[in-house]
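As a plain string of letters, each chain reads:
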Amino acid sequence: MMPIWTKSGEKKPVTLLKVQDCHVLRYVSKEESGGKTAKLLVGGKNVSPFSKPESAHEIFKEAGVPRKQKVTTFNVTDDAIIKPGTPLYAAHFRPGQFVDVTAKTIGKGFQGVMKRWGFHGQPASHGQTKTHRRPGAISTNKAAKVYRGKKMPGKMGNIYRTSFGLKVWRINTKHDIIYVNGSVPGHTNCLVKVRDSKLPTYKDCNKNPPFPTFFADGDEELPEDLFDEEIFQFTDPSVTFA
Amino acid sequence: RVSSDGKPPKFQPPPKPVIIDRKTQKEESRFLSPEFIPPRGRTDPLKYYIERKDMIQRRKVFNIPDFYVGHILAVTTADPYASNKSNRFVGICIQRGGKGLGATFVLRNVIEEQGIEICYELYSPRIQAIEVLKLEKRLDENLMYLRDALPEYSTFDVNMKPVPRMEHEEIPVNKLQVRMKPKPWSKRWERPKYNIKGIKFELPEHKMKAAQKWSQPWLEFDMMREYDTSKIEEKIRKELNEELEK
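Residues numbered from 1 in each chain as written. Chains lettered and ligands numbered in written order. Predicted model: local features only at pLDDT ≥ 70, side-chain atom pairs only at ≥ 80, totals over all residues. Heavy atoms only, no water.

- In the annotation of an unreviewed UniProt entry, the entry for chain B reads Large ribosomal subunit protein bL19m, and the organism field reads Drymodes brunneopygia.
- A UniProt comment under Sequence similarities (unreviewed entry) is attached to chain B, and it reads "Belongs to the bacterial ribosomal protein bL19 family."
- Its UniProt record, at the heading Subcellular location (unreviewed entry), says of chain B: "Mitochondrion". (UniProt positions renumbered as here; feature names shortened; annotations may be inferred.)

- Going by an unreviewed UniProt entry, chain A carries the name Large ribosomal subunit protein uL3m and comes from Drymodes brunneopygia.
- Per its UniProt entry, chain A bears the Sequence similarities (unreviewed entry) comment "Belongs to the universal ribosomal protein uL3 family."
- Per UniProt, chain A carries the Subcellular location (unreviewed entry) text "Mitochondrion".

Below, the structure written as structure tokens:
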């Protein structure tokens, strides 16, 4: 995470996400998947092929791509279908877009009710006998049972969570890095899924994105860094309020 | 060994010892700002490389002078609510924190009997000028104890003129021992954890001895805490020099 400044001098915290060897692996049509839209399977970081059996390598062999650590699905409209085997780059996103980021949260292990659910516990003194971090009552008398989903101690973290509506401030095409506003679930160097935002406020915010994706062997030549309009670039002199 | 002549072999004097004068060699190494040195961790070094590129870019446009803790600086920032749209503050640097683009430094001064500390970000675009008024190192790297010292040690004239100084002179170390206000202090500065050499402790002997109870003499031998930055520093210095000369 790193700070970034706007032209009015405000500081915004920003997370750096690196697009590392992403390839499209397979196209699943609407009828095959049984959902409302077609799906594209996309694979992430390259990893050694020797730790899994040959049967697990079929998808990667069909696409002609080394084995990937993570495979995710994206729901895709019919006009955005991409041929399996195409690489995906950070330039697929443009500054000013809004994005949802999904990742597995940091695992905290077996945790008590105060850390896991934010219960208040009991006072430290004034006669409390051996009760300082316990949940207290778990149900009422009339119910005569404990409801399903009652908040109790258990394993915390290591589940998929999404941060919605994060603005993309800057894109580095040389190293394939996306600068995303705010924080993102997961530890440093964990695998993350970046998707166009599904929030209704940002439905019409993407103006002319590269569609269906950015092709490196195309005619477009992008500069090394793409900035949003509001960002203060370090090549400019210091900010002054006229 | 038996020589052919029968005489003893010719006396070979031992090789003369080569004295490498490390002190003169060290003086040639220039100052490297502490925010360039990446902290120990599991982050990808690519992130620090990209941050350094941005920092160098900013340094090309705006001159950030080399300064240590204990220097007296004057900082002009852009302020939308001031009459001249700019704000000048003079103070002694008591702390330099943060790594990378978020590096900060805290300036302290006492104005009209009110102590003021302002934490500035080195790479913030609102800073319009940083001038070093007086170059002076102190005995410690963290002067937070000035908050509990007598106010005369933190007052500096707001209209101070920059003290003239020859280049290539060593930065003088001010061995001033500061006198404190009566206890309680914000932190127990007499404890060995803070390792402060710049305070003239006027506490009774038994209190100073009692403070040594919290000493952790094994810490300096702990090998897991060692972080040798010499090689990293050299690489970064080379990179900096190359980029700034372009």
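### Let's talk about the packing of helix H2 (residues 45–61) of chain B against helix H4 (residues 230–245) of chain B
Two quantities define a packed helix pair, namely the angle between the helix axes and the distance between the axes.
All names here are of chain B.
Phase 1 of the analysis: Interhelical geometry of H2 versus H4 gives an angle of 40° and a closest axis separation of 10 Å. In terms of axis orientation, H2 runs oblique to H4. Where H2 crosses over H4, the two elements pack in a sense that is right-handed. Counted together, Tyr 49, Arg 52, Ile 56, Arg 59 and Lys 60 of H2 and Ile 236, Glu 239, Leu 240, Glu 243 and Leu 244 of H4 form the full contact between these two elements.
Phase 2 of the analysis: Tallied by class, residues from the contact of H2 with H4 come to 5 nonpolar, no polar and 5 charged. (Axes fitted to C-alpha atoms, helices over the stretch in contact; angles between N-to-C directions. Helix = DSSP H or I, 4+ residues; strand = E, 2+ residues; numbered from the N terminus. Parallel < 35°, antiparallel > 145°, perpendicular 65-115°, else oblique. Left-handed = near helix turned anticlockwise from the far one by under 90°. Contact = heavy atoms within 4.5 Å. Nonpolar A, V, L, I, M, F, W, Y, C, P; charged D, E, K, R; others polar.)

### Quick word on the layout of surface pockets
Residues and elements named next belong to chain B.
Phase 1 of the analysis: Its boundaries defined by the atoms lining it, the second largest pocket holds a volume of some 1,600 Å³.
Phase 2 of the analysis: Taken together, 35 residues line the second largest pocket, and the ones lying closest to its centre are Arg 30, Phe 31, Leu 32, Tyr 68 and Lys 137.
Phase 3 of the analysis: Broken down by secondary-structure element, the contributors of at least two residues to the lining of the second largest pocket are helix H1 (22–28), strand S2 (86–97), strand S6 (137–138) and H4.
Phase 4 of the analysis: Per-element accounting of the lining of the second largest pocket gives the leading share, 4 residues, to H4. (1 Å grid on protein atoms, 1.4 Å probe; cavity = no way out; pocket = protein on both sides within 12 Å on 5 of 7 lines; lining within 4 Å. Points joined across faces, edges and corners; volume = space filled by probe spheres on them.)

### Notes on a negative patch on the surface
Phase 1 of the analysis: Taken together, Glu31(A), Glu32(A), Asp78(A) and Asp79(A) make up a surface patch of like negative charges.
Phase 2 of the analysis: Look at Asp79(A) and you get exposed, because its relative accessible area is 54%. (Patch = residues over 30% accessible without salt bridge, like charges linked within 9 Å, V, L, I, M, F, W, Y side chains within 5 Å. Areas by Shrake-Rupley, 256 points an atom, 1.4 Å probe, with all protein chains shown as cover. Salt bridge = Lys/Arg side-chain N within 4 Å of Asp/Glu carboxyl O. Lys, Arg positive; Asp, Glu negative; His and termini not counted. Charge placed at Lys NZ, Arg CZ, Asp CG, Glu CD. Buried < 20%, exposed > 50% of the residue type's maximum accessible area, 1.4 Å probe, protein only.)

### Let's talk about the interface of chain A and chain B
Phase 1 of the analysis: Of the residues lining the interface, 26 residues belong to chain A; the matching set on chain B comes to 27 residues.
Phase 2 of the analysis: Each partner contributes to the roughly 2,200 Å² buried at the junction of chain A and chain B, and carbon and sulfur atoms together form 63% of this total.
Phase 3 of the analysis: When residues of chain A are sorted by the area they lose upon contact with chain B, Trp5(A), Phe234(A) and Phe241(A) head the list and together hold 31% of the total.
Phase 4 of the analysis: Remark: the boundary between chain A and chain B carries 3 salt bridges.
Phase 5 of the analysis: Of the charged contacts in the structure, one is a salt bridge between Arg170(A) and Asp54(B), with a shortest N-O distance of 3.1 Å. (Buried area = accessible area lost by both parts, 1.4 Å probe.)

### Examining the sheet that holds strand S5 (residues 127–134) of chain B
Residue and element names in this part refer to chain B.
Phase 1 of the analysis: Read across the open sheet, the 5 strands follow the order S4-S3-S2-S1-S5; overall the sheet is antiparallel. The strands lining the two open edges of the sheet, one partner per strand, are strand S4 (114–121) and S5. Averaged over all pairs of adjacent strands, the angle between strand axes in this sheet comes to 35°, irrespective of strand direction.
Phase 2 of the analysis: Note: strand S1 (residues 72–78) against S5, 6 bridges, orientation antiparallel. Across the sheet, residue Ile 72 finds its bridge partner in S5, namely Lys 134. (Pairing = 2+ DSSP bridges.)

### A short note on a nonpolar patch on the surface
Phase 1 of the analysis: On the surface, Ile138(A), Val146(A) and Met152(A) cluster together into a nonpolar patch covering about 210 Å² of accessible area.
Phase 2 of the analysis: With respect to the helices and strands, the residue Ile138(A) is situated in the loop between helix H3 (113–117) and strand S9 (154–156).

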